[in-house]
Amino acid sequence: MRVAITGGEMLTCLGDTAATLTALAKGADGSGPLRFYDTDRINVTRGYHIEDGDGGGDEPLLRTGRWLAACVRGAVRQAGIDPSVQRVSVVVGTGLRELRAVERWALDGVPVRRRDLHFDAAVREVLPEAVEVLTVSNACSAAGHALALAQDLLAAGEADAVVAAGCDAMSESMLTMMGRVVDAPTPALQPFQEGRAGVLLGEGAAAVVLQRAEDAHGTWLAELLGTGLSCDAHHETAPDVAGIVAAMRDAHERAGVRPQDVGLVLAHGTGTALNDPTEAAALGEVFAGAGTGPLVTGIKGSVGHTSGSAALMSLLVAAEALRTGSVPATTGLRTPIAEAAGLRLVTGEPAACDARVAQVNAFGFGGVNAVSVIRVDG
């Protein structure tokens, strides 16, 4: 079964889809001073915030669901599907759900309804006819898992179209955990950079619409060839080369491609001491002997680590790069780590690309890995 991606929308610290793609092409860094938190106490001073609210400085409640709803609405509109006559399911991947609302409830006494912690209500504000709204929590690869489940729902005939989405906002508990593993606050997120200082959180949401090829009319953003998954349970937080390699090879097998067919990789690229050399080693193993190998870039230097939405944001960037033939450079990367010496990392300026097939990496705590392969025909 061929699966078409017929609509897509994302919201990042750089803006909506069009604004984000334009800013990425220019190498924009969307980070700024951390808002809403005691930065001295948590040892984190910067992040990639979405500017929302009334401008008065107060932190809006249930921000994540609003971003998600906006992206679902935009993706459905672009796809041109009609939920009143088509069975449309929604699968949302997230790392934290509305955890920040729970924190404010516990610490500040700001009440929240329990049902609002699930994304059903938020999605149904813009898509009331949805057959079902499912939420999966698979850490930082959650949107990749949502994409795989969405494709399975289509293959099983359970829906005529499926919206795969991802979303996350910053939370004090996650920021505090990050601050405890560094001596000083991280000044910038620099994927694959020698001497990188660590990760910074981003915020946002993304959504894509999947349809069976025979049901898809109009222009496709891309064809989803397949998503490979692995759960290696190697360590609570540390990634594992073998587990990542397994996900990549599973993706290639499901997609019916060989390593030499892949011309572009959107890396997970978190700028951490553990991820970057591990991901570089896994890429080196999988693409060994595949000619010059694919171009490799990542977007977290521009938008931060957006957790549950990261995989789909990278997918939309990959589709645009294949369509336009221009791959954005990895913001913050000037001197690559030694472990990445064999990779064709895109640095400095956008790189020309005539590839038709791209791979999107997403890895999460506990070794929950998702790797997707897409194609854009010229």
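Coordinates for the structure precede this section.
About the criteria used
- Residues numbered from 1 in each chain as written.
- Predicted model: local features only at pLDDT ≥ 70, side-chain atom pairs only at ≥ 80, totals over all residues.
- Heavy atoms only, no water.
- Helix = DSSP H or I, 4+ residues; strand = E, 2+ residues; numbered from the N terminus.
- Buried < 20%, exposed > 50% of the residue type's maximum accessible area, 1.4 Å probe, protein only.
- Contact = heavy atoms within 4.5 Å.
- Areas by Shrake-Rupley, 256 points an atom, 1.4 Å probe, with all protein chains shown as cover.
- Lys, Arg positive; Asp, Glu negative; His and termini not counted.
- Charge placed at Lys NZ, Arg CZ, Asp CG, Glu CD.
- Salt bridge = Lys/Arg side-chain N within 4 Å of Asp/Glu carboxyl O.
- Axes fitted to C-alpha atoms, helices over the stretch in contact; angles between N-to-C directions.
- Parallel < 35°, antiparallel > 145°, perpendicular 65-115°, else oblique.
- Nonpolar A, V, L, I, M, F, W, Y, C, P; charged D, E, K, R; others polar.
- 1 Å grid on protein atoms, 1.4 Å probe; cavity = no way out; pocket = protein on both sides within 12 Å on 5 of 7 lines; lining within 4 Å.
- Points joined across faces, edges and corners; volume = space filled by probe spheres on them.
- Core = buried A, V, L, I, M, F, W, Y, C linked by side-chain atoms within 4.5 Å.
- Disulfide = S-S within 2.5 Å.
- Pairing = 2+ DSSP bridges.
- Polar contact = N/O pair within 3.5 Å; in protein donor to acceptor, adjacent residues only side chain to side chain.

Draft legend 1. Summary view of the overall build of the chain. The helix and strand inventory of the chain stands at 11 helices and 15 strands. Each of the three principal axes of the chain carries a C-alpha extent, and together these read 55 × 55 × 40 Å. Counting over 378 residues, the chain shows a buried share of 61%. In the chain, the share of contacts with a sequence separation of at least 24, taken over all contacts with a separation of at least 6, comes to 79%. Of the roughly 14600 Å² of accessible surface on the chain, 50% is carried by carbon and sulfur atoms. Of note, the chain has its 29 positive side-chain charges centred 2 Å away from the centre of its 44 negative side-chain charges.

Draft legend 2. Focus on the pattern of salt bridges. Tallying each qualifying case throughout the model produces 20 salt bridges. Between Asp160 and Arg87 there is a salt bridge, with its nearest N and O atoms 3.2 Å apart. Taken together, the positions of Asp160 in the loop between α6 (142-155) and β6 (161-168) and Arg87 in the loop between α3 (63-79) and β4 (88-94) put the pair 73 residues apart, joining distant regions of the chain. Accessibility expressed as a relative area gives 36% for Arg87, which makes it partly exposed.

Draft legend 3. Expanded view of the packing of α6 against helix α11 (residues 310-324). Two elements in contact, α6 and α11, have axes separated by 5 Å at closest approach and are oriented at 75°. Taken together, the axes of α6 and α11 are roughly perpendicular relative to one another. Residues Ala143, Gly144 and Leu147 of α6 touch α11, and the partners they reach there are Ala311, Leu312 and Leu315. Grouping the amino acids of the contact of α6 with α11 by side-chain chemistry returns five nonpolar, one polar and no charged.

Draft legend 4. How the structure looks around the environment of Glu172. For Glu172, the position within the fold is in helix α7 (residues 172-179). Each C-alpha atom of the pair Glu172 and Ile5 lies 35 Å from the other, and the pair is 167 residues apart in sequence. If sequence neighbours within four positions are ignored, Glu172 has contacts with Tyr37, Arg41, Ile42, Arg100, Glu103 and Leu107.

Draft legend 5. Fine view of the layout of surface pockets. By volume, the largest pocket amounts to about 800 Å³. In this structure, the largest pocket is lined by 38 residues; those nearest its centre are Val199, Thr237, Thr270, Thr272 and Phe365. Of all the secondary-structure elements, those providing two or more residues to the lining of the largest pocket are α7 and β14 (357-364). Among the residues forming the lining of the largest pocket, the class breakdown is 20 nonpolar, 16 polar and two charged.

Draft legend 6. Spotlight on the nonpolar core. Counting residues in each nonpolar core, the largest one holds 62 residues, and the members touching the most others are Ile5, Leu147, Leu175, Val208, Leu210, Leu264 and Ile374. In terms of residues, this core owes the most to one element, α11, which gives 10 residues. Look past the residues within four positions of Leu175 in its chain and what remains in contact with it is Leu34, Tyr37, Ile42, Val44, Met170 and Leu201. Core analysis: the second largest hydrophobic core is formed by 28 residues, Ala255, Ala267, Ala280 and Ala290 among them.

Draft legend 7. Geometry of the state of the cysteines. For the structure on display, the rule yields zero disulfides. For the unlinked cysteine Cys140, the closest cysteine sulfur is that of Cys167, found at 13 Å. Residue class for Cys140 comes out buried when judged on its relative accessible area of 13%.

Draft legend 8. Molecular detail of the sheet that holds strand β9 (residues 264-266). In spatial order, the strands read β5-β4-β6-β7-β1-β8-β15-β14-β9-β10-β12; together these 11 strands make up an open sheet with mixed pairing. The open sheet is flanked by β5 (132-136) and β12 (344-345), the only strands paired with a single partner. As defined by bridge partners, β4 adjoins β6 across seven bridges and the pair is classed as parallel. Across the sheet, the residue bridging to Val91 is Ala164, located in β6. The strands touched by α3 are β1 (3-11), β4, β6 and β7 (204-212); relative to β1, the strand with the most contacts, the crossing angle is about 140°.

Draft legend 9. Main features of the side chain of Gln359. Within the secondary structure, Gln359 is located in strand β14. Given the relative accessible area of 0%, Gln359 is considered buried. A distance of 2.7 Å separates polar atoms of two side chains, one belonging to Gln359 and the other to His252. Separated by 2.9 Å, the side chains of Gln359 and Asn361 make a polar contact. If near-sequence neighbours (up to four positions away) are discounted, Gln359 is found in contact with Met248, His252, Val262, Leu264, Val265, Leu266, Leu283, Phe287, Val371 and Ser372.

Draft legend 10. Structural view of empty space enclosed by the protein. Counted under the stated rule, the structure contains two cavities of 30 Å³ or more. Within this model, the largest cavity holds a volume of roughly 80 Å³. Among the elements of the structure, α3 and α4 (99-108) are those that each provide at least two residues to the lining of the largest cavity. Looking at side-chain class alone, the lining of the largest cavity contains six nonpolar, one polar and five charged residues. Size it by volume and the second largest cavity reaches roughly 30 Å³. Among the residues making up the lining of the second largest cavity, the classes are represented as four nonpolar, two polar and one charged.

Draft legend 11. Summary view of unusual backbone geometry. Despite not being glycine, Phe36 shows a phi value in the positive range, around 75°. Despite not being glycine, Ala233 shows a phi value in the positive range, around 50°. Position of Ala233 among the secondary structure elements: in the loop between β8 (222-231) and α8 (241-255).

Keep in mind these numbers describe shape, not what the thing actually does.
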